[in-house]
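Each chain, letter by letter, is given below.
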Amino acid sequence: MRQTWRWFGPKDLTSIDDITQAGAAGIVSALHHVPNGVVWTPEEIAKRHREIGTRKDGTASGLTWDVVESLPVSEDVKKQKGDWRTHIANYKVSMQHLADSGIETICYNFMPVLDWTRTDLRWTVAHGGSCMRFDINDFAAFDIHILQRPGAAADFTNAIADEAGRRFEAMSEDDKKQLARNVTMGLPGSTESMTLTDVQAHLDEYGAISADQLRKHFIDFLEEVVPVAEDLGLRLCCHPDDPPFALLGLPRIMSTEADYRTILDAVDSPANGMTFCTGSLGARPDNDLPGIVERFGPKIHFLHLRNVKRDNDDIAGSFYEAEHLGGDTDMVAVIAAVIREERRRKAEGRKDWEIPMRPDHGQDILDDLGRRSQPGYPTIGRMKGLAELRGVMTALEHAEWGLAGR
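Every value quoted in this text rests on a predicted model; they were computed, and no experiment measured them.

Enquirer: Which residues make up the overall build of the protein chain, and what are the values?
Expert: When its secondary structure is counted, the protein chain shows 16 helices and 12 strands. Counting over 406 residues, the protein chain shows a buried share of 58%. Taking the intrachain contacts of the protein chain between residues at least 6 apart in sequence as the baseline, contacts between residues at least 24 apart amount to 72%. For the protein chain, the exposed area adds up to about 16200 Å²; of that, 50% sits on carbon and sulfur atoms.

What follows is the structure, given as structure tokens:
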């Protein structure tokens, strides 16, 4: 696996120098300052390449921009309303510009309204560090009592709705504001955030869009962009829903193995693939992660290796971001399956046999605790995760018994 690191640009508290010292070989980045639906220009793309390739002292970093994460799909495209056709046309132009710059892999998602969603961005764990957490009871308190979405209570069990009511009553006004900010924070690194009014407006516009209708919109989008990606030599890879179950009464259509099978079969192309995120898919107990690697290996274009610890085995339940080797996912089994897939690709002669991976998320530990970095993206916590993953990779790559036994 090619070891990469997510970088949010010059304002990221983790510098290019830091990433070089952490041992990553490539960078995962995006033009977060460009509004969704707008063309990424060659000038802005070239500027990001230069920023990645240069240390603070002006010398070459040796790092390359390996993966775009994300080239966002606008809400207009997902709803097929407003400027959606223009946004798809602009998406194609951005893809052309990225391909011209040497980029080959583009990650994106098709989550409606909210991207990744957490209720606590700095939840204290037993060792004194912090991490991100999704608490279904707190989310219900937001949905039912803060957002006051009509009919929200019916989407939760009676036990969850009752607990949500108790928690809401115990919250101060500051607590309510903080919960709302956490839930609506949006895409990591993005300058676009939403107010409660914005969220409700989007919900109103989605209206009666069903899972089948949203899936059709997704396939329509892919039928437009995948042929272009194939012609350009690009690999598109969809990130799973995070968390992988319905929120706010909206359908989520990339949460399970069956969801991916539907989309990848609908537009069958080497350019149409998967971002395999062990944290997002691992938040559902019914997802078989090593099995997904075995069955979808040829279509996996990008890896997010992170772990979550679920409170229980409910499909829609609470979880927190665990240490990379410490959650509910058998990370050793997953990495073993990935290495087998890479060896198969190499024997087949595929140019992209080495799959880019990054240590996704991480717990805030040591000096991270005082830096207030982008939630989920601490320097030391991710470096610890990368070191752990690198150790597993190295052991498995040099031990045939380890691969054969899994």
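Enquirer: Could you give an account of the sheet that holds strand 11 (residues 319–322), naming the residues involved and the relevant values?
Expert: Pairing is antiparallel in the open sheet, where 4 strands are placed in the order 5-6-11-10. Unpaired on one side and paired on the other, strand 5 (120–124) and strand 10 (307–310) mark the two borders of the sheet. Across this sheet, the average inter-strand angle for adjacent strands is 40°, counted without regard to direction. With 2 bridges connecting them, strand 6 (residues 130–134) and strand 11 associate as antiparallel partners.

Enquirer: Provide a residue-level description of the sheet that holds strand 1 (residues 2–6), including the pertinent values.
Expert: What the 8 strands build is a closed barrel, ordered 1-2-3-4-7-8-9-12; its pairing is parallel. Looking at each pair of strands side by side, their axes are set apart by 30° on average, direction ignored. Pairing of strand 3 (residues 64–69) with strand 4 (residues 105–108) involves 3 bridges; the strand directions are parallel. Bridge pairing in strand 4 links Val68 to Ile106.

Enquirer: Could you give an account of the packing of helix 10 (residues 257–266) against helix 12 (residues 289–296), naming the residues involved and the relevant values?
Expert: Interaxial distance between helix 10 and helix 12 falls to 11 Å at its minimum, and their mutual angle equals 15°. Looking at the two axes, helix 10 sits roughly parallel to helix 12. The handedness of the crossing between helix 10 and helix 12 comes out as right-handed. On the side of helix 10, the interface is formed by Glu257, Tyr260, Arg261 and Leu264, while helix 12 contributes Ile292, Arg295 and Phe296. Here the residues of the contact of helix 10 with helix 12 are counted per class, giving 4 nonpolar, no polar and 3 charged.

Enquirer: Can you explain the domain arrangement of the protein chain? Please cite residues and give values.
Expert: Accessible area lost upon the coming together of the parts serves often as the stated size of an interface. If you check the domain split of the protein chain, you get domain 1 (2–116 + 208–397) and domain 2 (120–185). Here the C-alpha centroids of domain 1 and domain 2 sit 26 Å apart. Approximately 2000 Å² of surface area, both sides summed, lies buried where domain 1 meets domain 2, with 63% of it carried by carbon and sulfur atoms. By the criterion of area lost to domain 2, the three top residues of domain 1 are Trp116, Leu248 and Pro375, representing 25% of everything that side buries.

Enquirer: I'd like to hear about empty space enclosed by the protein, residue by residue, with values.
Expert: Going through the model one piece at a time under the given rule, you end up with 3 cavities of 30 Å³ or more. What the second largest cavity holds in volume is close to 120 Å³. If you go around the second largest cavity, you meet 17 residues; those closest to its centre are Gly37, Val38, Leu71, Pro72 and Tyr91.

Enquirer: Can you explain the environment of Thr379? Please cite residues and give values.
Expert: Residue placement: Thr379 occurs in helix 15 (residues 379–397). For the pair formed by Thr379 and Gly362, sequence separation is 17 residues and the distance between their alpha carbons is 8.4 Å. Beyond its immediate stretch of four places on either side in the chain, Thr379 contacts Trp5, Thr14, Asp368 and Arg371.

Enquirer: Before we move on, could you go through helix 13 (residues 331–348) and cite the residues and values that matter?
Expert: Look at helix 13: 26 Å from first C-alpha to last across 18 residues, which is about the 26 Å you get at 1.5 Å a residue. The set of residues buried in helix 13 consists of Met331, Ala333, Val334, Ile335, Ala336, Ala337, Val338, Ile339, Glu341, Glu342 and Arg345. In the segment just after helix 13, Gly349 is the residue with positive phi, at about 90°.

Enquirer: Let's hear about the nonpolar core: which residues, and what values?
Expert: Looking at soluble globular proteins, one finds that nonpolar side chains tend to be buried together. Membership of the largest hydrophobic core comes to 105 residues, with the highest contact counts inside it found for Ile106, Phe218, Phe221, Phe276 and Ile335. By residue number, the principal contributor to this core is helix 9 (residues 211–232), which donates 8 residues. Two domains share this core, each providing at least three of its residues, namely domain 1 (2–116 + 208–397) and domain 2 (120–185). With residues near it in sequence (within four places) discarded, Ile335 still touches Met1, Leu305, Leu389, Val392, Met393 and Leu396. Counting 5 residues, the second largest nonpolar core, distinct from the first, contains Val28, Val67, Cys107 and Phe302.

Enquirer: Go over the pairing of strand 7 (residues 235–238) with me, naming the residues and quoting the values.
Expert: Neither face of strand 7 is exposed, since Arg235 and Cys237 on one face and Leu236 and Cys238 on the opposite face are all buried. The pairing of strand 4 with strand 7 spans 4 bridges and is parallel. Its bridge partner being in strand 7, Thr105 is matched across the sheet by Arg235. Sheet topology note: the strand 7/strand 8 (residues 272–277) ladder contains 3 bridges and is parallel. Bridged to Leu236 within strand 8 is Asn272. Taking the sense of rotation as the criterion, the β-α-β connection linking strand 7, helix 10 and strand 8 turns out right-handed.

The rules we used
What you see as residue numbers is a count from 1 along each chain, following the sequence as written. Reporting in this predicted model follows two pLDDT cut-offs: at least 70 for local features of residues, and 80 or more for side-chain atom pairs to be given and counted; totals over whole chains, interfaces and linings ignore these cut-offs and use all residues. As a rule here, side-chain values come from all non-hydrogen atoms in the structure, and water together with hydrogens is ignored. Strands are runs of DSSP state E lasting at least 2 residues, helices are runs of H or I lasting at least 4, and numbering of each runs from the N terminus. Partly exposed residues are those whose accessible area sits between 20% and 50% of the maximum for their type, while under 20% is buried and over 50% is exposed, using a 1.4 Å probe and protein chains only. In what follows, a contact means two residues having at least one pair of non-hydrogen atoms within 4.5 Å. The accessible surface values rely on the Shrake-Rupley method and a 1.4 Å probe; as for residues, cover is taken only from the protein chains in view. Two strands pair if DSSP finds at least two bridges between them. Axis angles are defined between N-to-C directions and span 0 to 180 degrees, where every axis is a line fitted to C-alpha atoms and, for a helix, only to the segment in contact. In what follows, roughly perpendicular refers to angles from 65 to 115 degrees, roughly parallel to angles under 35, roughly antiparallel to angles over 145, and oblique to any angle outside these ranges. Throughout, a crossing is termed right-handed when the near helix is turned clockwise from the far one, and left-handed when it is turned anticlockwise from it by less than a right angle. Residues are grouped as follows: Ala, Val, Leu, Ile, Met, Phe, Trp, Tyr, Cys and Pro are nonpolar; Asp, Glu, Lys and Arg are charged; every other residue, Gly included, is polar. Note: domain ranges come from an automatic or database domain assignment. Two parts placed together each lose some accessible area; with a 1.4 Å probe, that loss summed over both constitutes the buried area. In the cavity and pocket records, a cavity denotes points on a 1 Å grid over the protein atoms alone where a 1.4 Å probe fits but cannot get out, a pocket denotes an open set with protein on both sides within 12 Å along at least 5 of 7 lines, and lining residues are residues with an atom within 4 Å of a point. Grid points are joined across faces, edges and corners, and a volume is the space filled by probe spheres set on the points. Each residue after the first adds 1.5 Å to the expected span of a helix. Here, the term nonpolar core denotes a set of buried Ala, Val, Leu, Ile, Met, Phe, Trp, Tyr and Cys residues that are joined through side-chain atoms within 4.5 Å. With the strands aimed away from the viewer, a crossover counts as right-handed if its path from the first strand over the helix to the second runs clockwise.

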